[in-house]
Amino acid sequence: MIDYRAGDDLDLDEVIDVYVDSTLGKRRPVDDRARMDGMLRCANLVVTAWDADRLIGLARSVSDFHYATYLSDLAVRLSYQKRGIGIELIRRTQQAAPQATIILLAAPAAVEYYPRIGFTQHQSAWILRPGEALR
Ligand SMILES: CC(C)(COP(=O)(O)OP(=O)(O)OC[C@H]1O[C@@H](n2cnc3c(N)ncnc32)[C@H](O)[C@@H]1OP(=O)(O)O)[C@@H](O)C(=O)NCCC(=O)NCCS
């Protein structure tokens, strides 16, 4: 029985452990605790999945709750994957801001995942990485 909760009052080490255990840690700054702490505290829509008192998954987003929700990180511990937890985390993220479009960048391991569960690929997405200059 998996429980779902909202809110970012979480133990940072446990959160980092979920990133590592899901494999998403390879693509996030898990060795930089201050940055991970900022990512967690400054997100304003965090949905978590729990097996009793063990954190097993999370969806971390930044939302204006009226137009756009940026789903930055979705991670489920490897041993809990493919049981519908990821989709439920996204469902609850969507329910928290029903008027908002969910926007995300798929990690390589998840490029097949999002179309499978109902996302549409957007051909006009653009990013400016940290430190890249505008011209
Ligand atoms: C991507 C991830 C969050 C999916 O979570 P999950 O709980 O395993 O996914 P679900 O159980 O909700 O999967 C729903 C469906 O998608 C399928 N699926 C799961 N992961 C998939 C993947 N990586 N690629 C393609 N399909 C996938 C499931 O088999 C399931 O299909 P079914 O209903 O036909 O059985 C999880 O695999 C994960 O943490 N991956 C590593 C981190 C990562 O890449 N995160 C995404 C960052 S953008």
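Presented here is an overview of the structure given in this document. (Residues numbered from 1 in each chain as written. Predicted model: local features only at pLDDT ≥ 70, side-chain atom pairs only at ≥ 80, totals over all residues.)

Looking only at helices and strands, the chain features four helices and five strands. Helices and strands in the chain line up, N terminus first, as β-α-α-β-β-β-α-β-α. Each principal axis of the C-alpha distribution contributes one length, and for the chain these read about 50 × 35 × 30 Å. (Helix = DSSP H or I, 4+ residues; strand = E, 2+ residues; numbered from the N terminus.)

In the neighbourhood of the ligand, 22 residues make up the surrounding shell, with Ser22, Leu24, Gln81, Gly86 and Ile87 lying closest. Only strand 4 (68-76), helix 3 (85-96) and helix 4 (113-117) provide two or more residues apiece to the shell around the ligand. Tallied by class, residues from the shell around the ligand come to 13 nonpolar, five polar and four charged. (Near = placed C-beta within 6 Å. Nonpolar A, V, L, I, M, F, W, Y, C, P; charged D, E, K, R; others polar.)

Okay, the environment of Ile102 next. Tracing the backbone shows Ile102 in strand 5 (residues 101-103). Judged by C-beta crowding, with 17 C-beta atoms within 10 Å, Ile102 ranks as partly exposed. Sequence separation between Ile102 and Ile127 is 25 residues, and the spatial gap between their C-alpha atoms is 16 Å. Beyond its immediate sequence surroundings of up to four residues, Ile102 is in contact with Thr69, Leu71, Thr93 and Gln94. (Buried ≥ 20, exposed ≤ 12 C-beta atoms within 10 Å, placed from the backbone. Contact = placed C-beta atoms within 7 Å.)

Here the focus is the pairing of strand 2 (residues 45-51). Of all the seven residues making up strand 2, five are buried; the element is thus mostly covered by neighbouring parts of the structure. By the bridge criterion, five bridges tie strand 1 (residues 2-6) to strand 2 in an arrangement that is antiparallel. The residue of strand 2 that forms the bridge with Arg5 is Thr48. As paired elements, strand 2 and strand 3 (residues 54-63) share seven bridges and run antiparallel to each other. (Pairing = 2+ DSSP bridges.)

Moving on, we come to the nonpolar core. Ranked by size, the top nonpolar core spans 17 residues in total, and within it Leu58, Ala59, Leu74, Ala75 and Leu89 carry the most contacts. Leave out the neighbours within four places in its chain, and Ala59 touches Val47, Leu71, Leu74, Leu89, Ile90 and Thr93. (Core = buried A, V, L, I, M, F, W, Y, C linked by C-beta atoms within 7 Å.)

Moving on, we get to the sheet that holds strand 5. Across the sheet, which stays open at both edges, the five strands sit in the order 1-2-3-4-5 with mixed pairing between neighbours. Because the sheet does not close on itself, it has two edges, and the strands there are strand 1 and strand 5. Neighbour-to-neighbour, the strand axes of the sheet open up by a mean angle of 25°, direction not taken into account. (Axes fitted to C-alpha atoms, helices over the stretch in contact; angles between N-to-C directions.)

Our next topic: unusual backbone geometry. Positive phi values are uncommon outside glycine, yet Thr23 reaches one of about 90°. Look at Phe65: it is not a glycine, yet its phi comes out positive at around 65°. On the secondary structure map, Phe65 appears in the loop between strand 3 and strand 4.

Let us look at helix 1 (residues 12-22). Taken together, the buried positions of helix 1 are occupied by Val15, Val18, Tyr19 and Ser22. Down the axis, helix 1 shows its buried residues gathered within 100° of arc, on one side only. Buried-residue contacts for helix 1 involve helix 2 (33-42), strand 3 and strand 4. Taken from the residues just after helix 1, Thr23 is the one with a positive phi, measuring 90°. (Arc of directions from axis to C-beta.)

Running from amino to carboxyl end, helix 1 crosses helix 2 at an angle of 95°, the nearest separation of the two axes being 11 Å. Here helix 2 runs roughly perpendicular to helix 1, going by the angle between their axes. Two secondary-structure elements touch here, helix 1 through Leu12, Val15 and Ile16 and helix 2 through Arg33, Met36, Asp37 and Leu40. (Parallel < 35°, antiparallel > 145°, perpendicular 65-115°, else oblique.)

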